[in-house]
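Coordinates in review
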Amino acid sequence: MTRRVAIFLSGGGSNMRALVASMTGDHPARPALVFSNEPAAGGIAWARAQGLATEVVDHRPYRGDRAAFEAEIAARLAPHMIDLICLAGFMRVLTPWFVGLWAGRMINIHPSLLPKYRGLDTHARAIAAGETEAGCTVHEVTPALDDGPILGQARVPVLPGDTPGTLAARVLEQEHILYPMVLRRFAAGDRRPVFLP
Ligand code: GRF
């Protein structure tokens with residue numbers, strides 16, 4: 001049975017586009033919803049233009065009440081009969097309640113070689129630490145931030161003279177390869193990690 005995927009984003013959504021583009025033919029999943037907390041997100045405009053279903057719940061009116069914010073997200077998701085959630089540049093931390101609702105059915109991409117550099121500013125921190133290698137990780141979402149079983153990793157070199165921007169661009173290219181590869185496997189029930197290159 002085809003799995004219905006919701007993709008959560010807060011920004012431009014280049015990973016979302018890579019995921020959407022991948023879900024064709026004999027792929028076990030299809031994009032059923034693009035969700036954002038950010039009404040102005042470029043990814044939402046793109047999804048609308050493609051005729052994909054979209055939902056937006058602006059987090060700002062819910063400041064200090066994450067339970068109400070997430071209850072509204074859950075209510076918006078319900079009619080779309082979602083099977084799996086892909087977080088793709090979704091910049092809100094989800095509570096254990098929401099994560100629990102989607103246990104084993106929600107994955108995230110993070111721009112570092114986890115368990116190194118959880119959280120923000122991963123590329124600046126990797127460069128400052130003198131790392132010679134960086135990359136990205138797709139993992140199952142569990143209540144702890146940027147934690148959970150690793151489903152895939154892709155590595156890139158850190159080059160002399162790299163800035164956070166140049167390194168981010170090199171990693172992002174790999175994100176667009178790794179995330180669709182992992183989603184295809186995950187949607188088919190395969191949780192064995194894949195390592196690139
Ligand atoms: C990606 O680097 C993702 O790993 C990070 O935020 C960025 C989102 O980029 N968490 P995009 O919106 O998919 O282009």
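Provided above is the structure to which this section pertains.
Note that the coordinates shown come from a computational prediction; the quantities given were computed from them, not determined experimentally.

1. Observations concerning the state of the cysteines
Linking two cysteines covalently via their sulfur atoms produces the bond known as a disulfide. Within the structure shown, the criterion is met by zero disulfides. Cysteine Cys 136 remains unbridged, with the sulfur of Cys 86 as its closest cysteine sulfur at 14 Å. A relative accessible area of 0% places Cys 136 in the buried class.

2. What to know about the pairing of strand β2 (residues 29-36)
A large share of β2 lies buried, amounting to six of its eight residues. With seven bridges joining them, strand β1 (residues 3-9) and β2 adopt parallel strand pairing. Bridge pairing links Ala 6 to Leu 33 in β2. Traced from β1 through helix α1 (residues 14-22) to β2, the parallel crossover comes out right-handed. Of the strand pairs in this sheet, β2 and strand β3 (residues 54-56) are connected by three bridges, and their pairing is parallel.

3. Let's talk about the sheet that holds strand β6 (residues 133-140)
Read across the sheet, eight strands follow the order β3-β2-β1-β4-β5-β6-β7-β8 without closing on themselves; strand pairing throughout is mixed. Unpaired on one side and paired on the other, β3 and β8 (194-196) mark the two borders of the sheet. For this sheet the average axis-to-axis angle between neighbouring strands, irrespective of direction, equals 20 degrees. In this sheet, strand β4 (residues 84-87) lies alongside β1 in parallel orientation, the contact comprising four bridges. In the sheet register, Ile 7 faces β4, and the bridge partner there is Cys 86. Running over the sheet, α1 touches β1, β2, β4 and β5 (106-110) and is turned about 165 degrees from β1. Sheet contacts for helix α3 (residues 66-77): β1, β2, β3 and β4; angle to β1, the most-contacted strand, approximately 145 degrees.

4. With respect to the packing of aromatic side chains
Inspection of every chain in the model, using the stated rule, returns six aromatic pairs. On the basis of an interplanar angle of 45 degrees and a centroid distance of 4.7 Å, the ring pair of Phe 8 and Phe 35 is categorised as tilted. In this pair, Phe 8 is assigned in strand β1 and Phe 35 in strand β2, connecting sequence segments 27 residues apart. By relative accessible area, Phe 8 is classed as buried at 0%. Judged by its relative accessible area of 0%, Phe 35 is buried. The interplanar angle of 50 degrees and the centroid separation of 5.8 Å between the aromatic rings of Tyr 62 and Phe 69 together place this pair among those described as tilted. Since its relative accessible area comes to 4%, Phe 69 is described here as buried.

Thresholds, definitions, all that
Residues numbered from 1 in each chain as written. Predicted model: local features only at pLDDT ≥ 70, side-chain atom pairs only at ≥ 80, totals over all residues. Heavy atoms only, no water. Disulfide = S-S within 2.5 Å. Buried < 20%, exposed > 50% of the residue type's maximum accessible area, 1.4 Å probe, protein only. Helix = DSSP H or I, 4+ residues; strand = E, 2+ residues; numbered from the N terminus. Pairing = 2+ DSSP bridges. Right-handed = clockwise from strand over helix to strand, strands pointing away. Axes fitted to C-alpha atoms, helices over the stretch in contact; angles between N-to-C directions. Contact = heavy atoms within 4.5 Å. Phe/Tyr/Trp six-rings, centres within 6.5 Å; stacked < 30°, edge-to-face > 60°.

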